[in-house]
Amino acid sequence: MYDVKSRATKLSRVWRRGKLTAVFAAVVSLVALTASASPGSAQLATNAAPLSGTGSSFAAPAISTWVNAVRNAPYDLSLSYANSNSGTGRYEFTNQTVDYAVSDIGYVGSTDNVAPSFAFNFIPITAGGIAFMYNVPGLTKQLKLTSRTACALLTGGITNWDDPNLAAANPGVTLPNLAVQPVTESDSAGTNYVLEEWCIDEQPSLWSAFVQAQMAQQGGPTGGVTLSPTAPNSEWPGIKTGLDVQSTTAIAGDVADTPGTIGPVQVQYAKEDGFDGSDPTKNVALVQNASGDFTGPTPVYDVSSALAYASQLPDGTHQLNFNGLGPNVYNPSTYSYLLTPTTGWSASKGATMSQFVDYVLTLGQQSAPSFGYASLGLSLEQYGVTAVQKNV
């Protein structure tokens, strides 16, 4: 049986043995870089102003951890972060009701896509795999999904857990005669956009059929969601046989409490509910990649391996590539981005933001795998630190 927790622990040990020296050197070099380009930390802390932010629930476990860490000495910074969703973060940032935001995508799609009129940066701040958290009584092995079965489960295309398509990917496993209840998020979540992008890329016929079926319903998609057979969006319509919620926290809670459910979450949410590999009936699924291997959303190798195929765009966001080859590639995986103004705010707020980013992209990246996120890697860490030094 593939155990996500034990494998992540083993990989973390390998990573620490093989990479700790290099990571420590990278952190030291980045800290030296920031120290040489800015005043002393004590002076900056004195001049630092409070900052408020909101946005991605996918990134929230990381952001909240880092916000809490810099409240203490020697940083003594005052930041707050409200866990909402990427769309809310972008909307509030554009309207300047918060100082910063975190989003899993840029200003794309047909919702909340009006970019600010003021100058700003997208800074890659963390990365993770979208985990398929499930609650299926009777399973004796961790659930395996293909892109087809994963997309079908979340669109109502598979309605019972003993479906032959699921059985084909799970040989030797008795699947229960139990109705599937997909738990989906109808608010403007960046993970919805990435999931739709993944389903369109990997299973275009299935996604197109789902869109057509939704449009053919009386009144169209549940909740007034606008769907396209070829272009992803940040909203997911409620499925008649499923549960429609408004947050990642609610997805995790409903899956934890309801047999027969499955829903997309960041892996830390699943872990906090005990869905971390010890029980095959309550776990996160392994997903088949382009090489035919089934992998889990473990951060050290699987997510990092997938995102090695992504291409950074001029605005700092990334074009994802879900077809990367390799035994450790896990998809769907994605980045989350910090949105910060570059002009038009006070030096004291800039001081707070620069110190926060310095921490997140150095010491913060070392802690990221412990709560389910991949370290960004030296090139993106340097990109972020340099962008903030130059513009913020």
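In this text, all values refer to a predicted model and were calculated from it rather than measured experimentally. (Residues numbered from 1 in each chain as written. Predicted model: local features only at pLDDT ≥ 70, side-chain atom pairs only at ≥ 80, totals over all residues. Heavy atoms only, no water.)

Caption draft 1: Representation of the overall build of the protein chain within the structure. Helices and strands together make up the secondary structure of the protein chain, namely 14 helices and 14 strands. Going through the 392 residues of the protein chain one by one, you find that 56% of them count as buried. Taking the contacts inside the protein chain whose residues are at least 6 apart along the sequence as the reference set, 74% of them involve residues at least 24 apart. Accessible surface for the protein chain amounts to roughly 15,100 Å². Of this, 53% is attributable to carbon and sulfur atoms. (Helix = DSSP H or I, 4+ residues; strand = E, 2+ residues; numbered from the N terminus. Buried < 20%, exposed > 50% of the residue type's maximum accessible area, 1.4 Å probe, protein only. Contact = heavy atoms within 4.5 Å. Areas by Shrake-Rupley, 256 points an atom, 1.4 Å probe, with all protein chains shown as cover.)

Caption draft 2: Looking closely at the packing of aromatic side chains. Under the counting rule described, the total for this entry stands at 15 aromatic pairs. Aromatic pair Y75 and Y359: ring centres 5.2 Å apart, planes at 65°, arrangement edge-to-face. One end of the pair, Y75, is in the loop between helix 3 (60–69) and strand 2 (79–83); the other, Y359, is in helix 12 (residues 347–360), with 284 residues separating them in the sequence. With a relative accessible area of 21%, Y75 lands in the partly exposed category. With 6.3 Å between their ring centres and 40° between their planes, Y335 and Y337 make a pair best called tilted. An aromatic cluster is built from F93, Y107, F118, F120, F122, Y335 and Y337, whose rings are joined through pairwise contacts. Looking at K144, its charged tip hangs above the ring of F294, at a distance of 5.1 Å from the centre. (Phe/Tyr/Trp six-rings, centres within 6.5 Å; stacked < 30°, edge-to-face > 60°. Lys NZ or Arg CZ within 6 Å of the ring centre and 35° of its normal.)

Caption draft 3: Structural detail: the sheet that holds strand 11 (residues 294–295). Across the sheet, three strands lie side by side as 5-10-11; this open sheet has mixed pairing. A single partner strand is all that each edge strand has here, and the edge strands are strand 5 (144–145) and strand 11. Where strand 10 (residues 286–288) and strand 11 come together, two bridges link them in antiparallel fashion. Paired with V287 across the strands is T295, a residue of strand 11. (Pairing = 2+ DSSP bridges.)

Caption draft 4: Spatial organisation of helix 5 (residues 147–155). Of all nine residues that make up helix 5, eight are buried, and the element is covered over most of its length. Listed as buried for helix 5 are S147, T149, A150, C151, A152, L153, L154 and T155. In the stretch just after helix 5, G156 is the one whose phi turns positive, near 85°.

Caption draft 5: Fine view of the state of the cysteines. Tallied over the entire structure, the rule returns one disulfide. The disulfide partner of C151 is C199, and the gap between their sulfur atoms is 2.1 Å. With the S-S bond torsion at -100°, the cross-link from C151 to C199 turns out left-handed. Here C151, found in helix 5, pairs with C199, found in helix 7 (residues 190–202); they are 48 residues apart in sequence, far enough to count as distant. One exposure class covers both C151 and C199, and it is buried. (Disulfide = S-S within 2.5 Å.)

Caption draft 6: Local environment of the nonpolar core. In this structure, W66, F132, M133, L145, W198 and I262 are the most contacted members of the largest nonpolar core, which totals 98 residues. Top element by residues in this core is strand 4 (residues 120–135). It accounts for nine residues. In contact with W198, not counting residues within four places along its chain, are F132, S147, A150, C151, Q203, V287, F322, N331 and P332. (Core = buried A, V, L, I, M, F, W, Y, C linked by side-chain atoms within 4.5 Å.)

Caption draft 7: Seen up close, the environment of S336. The residue S336 is located in strand 14 (residues 333–341) in this model. Taking the C-alpha atoms as reference points, S336 and I125, separated by 211 residues in sequence, lie 5.9 Å from one another. If near-sequence neighbours (up to four positions away) are discounted, S336 is found in contact with S56, F58, A59, V102, S103, D104, I123, P124, I125 and T126. For S336, the side chain forms a polar contact with the side chain of D104, separated by 2.6 Å. (Polar contact = N/O pair within 3.5 Å; in protein donor to acceptor, adjacent residues only side chain to side chain.)

Caption draft 8: Summary view of the side chain of T149. Secondary-structure assignment places T149 in helix 5. Not counting residues within four places of it along the chain, the set of residues in contact with T149 comprises I158, N165 and L166.

Caption draft 9: Broad picture of the environment of D293. Here D293 shows up in the loop between strand 10 and strand 11. The spacing of D293 and T146 is 147 residues in sequence and 9.9 Å in space, taken between C-alpha atoms. Not counting residues within four places of it along the chain, the set of residues in contact with D293 comprises V287, Q288, G326 and P327.

So far we have only geometry, and geometry alone does not tell us how the molecule works.
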